[in-house]
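Below, each chain spelled out in residue letters.
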Amino acid sequence: LIEYSDFQCPACASYYPIVKQVMDNFSDKVVFAYRHFPLSQHKNAELAGISAEAAGRQGKFWEMHDAIFSNQTEWSENSNAKELFIKYAGDIGLDIERFKLDIESGELKDKVKRDLNSGISAGVNSTPTFFLNSKKISPQGYEDFKSIIEQSISSNL
């Protein structure tokens with residue numbers, strides 16, 4: 001299951017608890033991948049993606065993912081979003097100096113850009129966009145998501 005998402009997107013934030021529930025309930029049957037798709041109108045989305053990847057370098061991508069979505073209203077229109085991401089990094093126990101170096105890394109900016117380009121190539125034109133076994137799906141809520149996944153699992157047995 002691949003999600004193309006923008007950390008600053010309100011629709012992605014509204015899907016966040018649904019996706020978290022899917023991950024929790026199907027972690028033994030489904031591999032979940034997050035792909036960055038920062039929309040140009042969201043000025044802090046790329047930095048949010050870079051921050052999540054920097055946390056990932058310390059083994060805490062998902063913890064930062066959760067912190068970023070949980071606090072979206074705090075940082076999304078904030079001109080000092082970087083300082084807030086650094087605060088979240090501290091809250092989840094990261095080495096702050098290493099985190100600061102990593103978010104300045106061109107390598108992580110390139111990773112976010114590669115995700116964006118792969119989404120464009122896959123036909124993503126809005127967020128969130130989901131693919132299950134390379135097929136684009138449009139679940140409407142948890143029960144729909146659950147049904148789609150269960151059908152896919154049973155058809156692959």
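You'll find the structure just up there.
Conventions used here
- Numbering of residues starts from 1 in each chain and follows the order in which that chain's sequence is written.
- This being a predicted model, a pLDDT of at least 70 is required before a residue's local features are given, and a value of 80 or more before pairs of side-chain atoms are given or counted; all residues contribute to the totals for chains, interfaces and linings.
- Values shown for side chains rest on all heavy atoms present in the structure; no hydrogens or waters enter the calculation.
- Each axis is a line fitted through C-alpha atoms, taken for helices only over the stretch in contact, and angles between the N-to-C directions span 0 to 180 degrees.
- A run of H or I in DSSP becomes a helix once it reaches four residues, and a run of E becomes a strand once it reaches two; helices and strands are each numbered from the N terminus.
- Working rule for handedness: look at the near helix, and if it is turned counterclockwise from the far one by less than a right angle, call the crossing left-handed; if clockwise, right-handed.
- Here a residue-residue contact requires only that any non-hydrogen atoms of the pair lie within 4.5 Å.
- Put simply, Ala, Val, Leu, Ile, Met, Phe, Trp, Tyr, Cys and Pro go in the nonpolar bin, Asp, Glu, Lys and Arg in the charged bin, and everything else, Gly too, in the polar bin.
- When a carboxyl oxygen of Asp or Glu is within 4 Å of a side-chain nitrogen of Lys or Arg, the pair counts as a salt bridge.
- Exposure categories follow from relative accessible area, calculated using a 1.4 Å probe and restricted to protein chains: below 20% of the type maximum is buried, above 50% is exposed, and the middle band is partly exposed.
- Strand pairing is defined by DSSP finding a minimum of two bridges between the two strands.
- Crossover handedness is defined by viewing with both strands directed away from the observer: a clockwise path from the first strand over the helix to the second marks the crossover as right-handed.
- Two aromatic rings from Phe, Tyr or Trp, using only the six-membered ring of Trp, form a pair when their centres are within 6.5 Å; if the ring planes differ by under 30 degrees the pair is stacked, by over 60 it is edge-to-face, and anything between is tilted.

Peer 1: What exactly am I supposed to notice about the packing of helix 1 (residues 10-26) against helix 8 (residues 142-155) here?
Peer 2: Working note: a packed helix pair is described by the angle between its axes plus the distance between those axes. Contact pair helix 1 / helix 8: the axes reach a minimum separation of 10 Å and the direction vectors enclose 35 degrees. For the pair helix 1 and helix 8, the crossing hand works out as right-handed. Between helix 1, through Ile-18, Val-19, Gln-21, Val-22, Asn-25 and Phe-26, and helix 8, the contact on the second element is made entirely by Tyr-142, Phe-145, Lys-146, Ile-149, Glu-150 and Ile-153. A per-class count over the contact of helix 1 with helix 8 returns eight nonpolar, two polar and two charged.

Peer 1: Hey, could you run me through the environment of Gln-21 in this one?
Peer 2: Here Gln-21 shows up in helix 1. Taking C-alpha positions, Gln-21 is 7.6 Å from Tyr-142, a pair spaced 121 residues apart along the chain.

Peer 1: Any chance you could explain the pattern of salt bridges here in plain terms?
Peer 2: Oppositely charged side chains can form a pair if their charged atoms are brought close together. Overall, the coordinates contain 11 salt bridges when judged by the stated rule. Between Glu-97 and Lys-100 there is a salt bridge; the shortest N-O distance is 3.8 Å. Residue Glu-97 and its partner Lys-100 are located together in helix 6 (residues 96-103), separated by three residues, close to a single helical turn. Owing to a relative accessible area of 34%, Lys-100 belongs among the partly exposed residues under this scheme. Within the structure, one salt-bridge network assembled from shared partners comprises Arg-57, Arg-98, Asp-102 and Glu-107.

Peer 1: Could you clarify how one ought to interpret the pairing of strand 2 (residues 33-36) in this entry?
Peer 2: Note on strand geometry: in a regular strand, side chains alternate between the two faces of the sheet. The pairing of strand 1 (residues 2-5) with strand 2 spans four bridges and is classified as parallel. The partner of Ser-5 across the bridge, within strand 2, is His-36. You can see the chain leave strand 1, run along helix 1 and come back into strand 2, and the turn it takes is right-handed.

Peer 1: Is there a simple way to think about the sheet that holds strand 2 in this case?
Peer 2: Within a sheet, neighbouring strands are paired by backbone hydrogen bonds and run either parallel or antiparallel to one another. Across the sheet, which stays open at both edges, the four strands sit in the order 2-1-3-4 with mixed pairing between neighbours. Strands at the two margins of the open sheet, each flanked by one partner only, are strand 2 and strand 4 (135-137). The sheet shows a mean angle of 30 degrees between the axes of neighbouring strands, direction not considered. Relative to strand 4, strand 3 (residues 129-132) runs antiparallel, the two being bridged by three bridges. Of the residues in strand 4, the one forming a bridge with Phe-130 is Ile-137.

Peer 1: How should I be thinking about the packing of aromatic side chains in this particular structure?
Peer 2: Each aromatic ring pair is described using two quantities: the centre-to-centre distance and the angle formed by the ring planes. This model, assessed by the stated rule, comprises 12 aromatic pairs. Between Tyr-4 and Phe-131, the aromatic rings sit 6.0 Å apart at their centres with planes inclined by 85 degrees, giving edge-to-face as the arrangement. Pair noted here: Tyr-4 is in strand 1 and Phe-131 is in strand 3, with a separation of 127 residues, a long-range link. For Phe-131, a relative accessible area of 10% puts it in the buried group.

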